[in-house]
Amino acid sequence: MFTSEKGVVEEWLSEFKTLPETSLPSYATNLKDKSSLVSSLYKVIQEPQSELLEPVCHQLFEFYRSGEEQLLRFTLQFLPELIWCYLAVSASRNVHSSGCIEALLLGVYNLEIVDKQGHSKVLSFTIPSLSKPSVYHEPSSIGSMALTESALSQHGLSKVVYSGPHPQREMLTAQNRFEVLTFLLLCYNAALTYMPSVSLQSLCQICSRICVCGYPRQHVRKYKGISSRVPVSSGFMVQMLTGIYFAFYNGEWDLAQKALDDIIYRAQLELYPEPLLVANAIQASLPHGAMKSSKEGTRCIQVEITPTSSRISRNAVTSMSIRGHRWKRHEQPDSSNDTTELGILVIPEISVTNVAGERTGNGEKGRTLGEIDAQHLQGVQETATDPRTESKGLPEIRRQKSVRKMMEDGISSPGRVQF
């Protein structure tokens, strides 16, 4: 660490101690623009044996407990690097050199699990329903959903997942280590939109190092430092993926792609289903080309929204609709002439007379040859009343003659024909 960088950190430490409480908001607003201070603090954290590490951790904790939102976010941006330093020291079994980092992580954790009144927090997460549209999907693009009785009973109900209350911790052990670190990453992901680019870069880099250290891929990545394996939990890897997914669309495509590959590599070795599911889903949703998004302005995850368009309703074809369907009538140029014109044979209308003498239409004018012939081939039968037996009141069922038979017999009389 250079002398100039050390001087910047020492000036920052002394400045906050003499700062009056009234000027705290303006100091917090100007603090995020000091890039030289941020880079110097990263170098202090990366050196466990540095004499400035303990006062830096103490002041970062004072920032976090001050209640000022800008100072709280300033401390959160160093959280990925602090977690990596703690895990690296724990893997090397040199726990005594990470006492101040462990105290800072425990202090942030104990502050986050309680509200301002000191009561334990219970975090709630609403799981979105695929049956309702959102900025990420439309129900129509998924396909038809069967409306079963169970689906109708659960329609409109949203599932809520609760996290907490979390117990307070006085020290980090092998049993509660990743419970605390996972919750801290959850708090970091809740403020991702306020994190600077250097913090997102640090997140991607420490995710890759945690996943490949002690494995053959460490030599491919050329990571130096510790060579022992760093244990991870499934929930901790899912929280890492949340931050990496945000980094993809906020100017850190290359580092995020490398971190995603390393997480998939480690999840396959550990046989963790949850990180594999989330990582493969992220990988499948990524565009083919790199996202060249600007590092300035509003940060957001880009999604494609299907434009609203008029939907064409399609009525289902049922036996009732076919039965009630009527063919359009072909108007004849001359109703008194049933002869063939332009090669089209016009068949006289066929009617059925019932017993009481009332006539009901059973055909339409202008049916072409192909339509009635097809009706004959399908074996359509009609009930007819023979005029010769009308006086006796006995109906007679006869099969309709085919058009071809009618043409062979010859039909020349115009008007209506009864069978």
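Residues numbered from 1 in each chain as written. Predicted model: local features only at pLDDT ≥ 70, side-chain atom pairs only at ≥ 80, totals over all residues. Heavy atoms only, no water.

**Points about the packing of helix 1 (residues 3–17) against helix 4 (residues 53–65)**
Then, in step 1: One can describe the packing of helix 1 onto helix 4 by two numbers: an axis separation of 11 Å at closest approach and a directional angle of 45°. On the basis of the axis angle, helix 1 is oblique to helix 4. For the pair helix 1 and helix 4, the crossing hand works out as left-handed. Contacts between helix 1 and helix 4 involve V9, W12, L13 and F16 from the former and P55, V56, Q59, L60, E62 and F63 from the latter.
Then, in step 2: Here the residues of the contact of helix 1 with helix 4 sort into eight nonpolar, one polar and one charged. (Axes fitted to C-alpha atoms, helices over the stretch in contact; angles between N-to-C directions. Helix = DSSP H or I, 4+ residues; strand = E, 2+ residues; numbered from the N terminus. Parallel < 35°, antiparallel > 145°, perpendicular 65-115°, else oblique. Left-handed = near helix turned anticlockwise from the far one by under 90°. Contact = heavy atoms within 4.5 Å. Nonpolar A, V, L, I, M, F, W, Y, C, P; charged D, E, K, R; others polar.)

**Describing the state of the cysteines**
Then, in step 1: Evaluation of the coordinates by the stated rule reveals zero disulfides.
Then, in step 2: In this structure C57 is not part of a disulfide, and its nearest cysteine sulfur, from C100, lies 4.1 Å away.
Then, in step 3: Residue class for C57 comes out buried when judged on its relative accessible area of 4%.
Then, in step 4: Not engaged in a disulfide, the cysteine C211 finds its nearest cysteine sulfur in C207; these two sulfurs lie 6.5 Å apart. (Disulfide = S-S within 2.5 Å. Buried < 20%, exposed > 50% of the residue type's maximum accessible area, 1.4 Å probe, protein only.)

**Some points on the nonpolar core**
Then, in step 1: Of all hydrophobic cores here, the largest spans 91 residues; its most connected members are W12, F74 and F236.
Then, in step 2: Looking at which element gives the most residues to this core, the answer is helix 6 (residues 79–91), with nine residues.
Then, in step 3: Residues contacting F236, with those up to four places away along its chain left out, are I83, L87, F178, L181, T182, L185 and I210. (Core = buried A, V, L, I, M, F, W, Y, C linked by side-chain atoms within 4.5 Å.)

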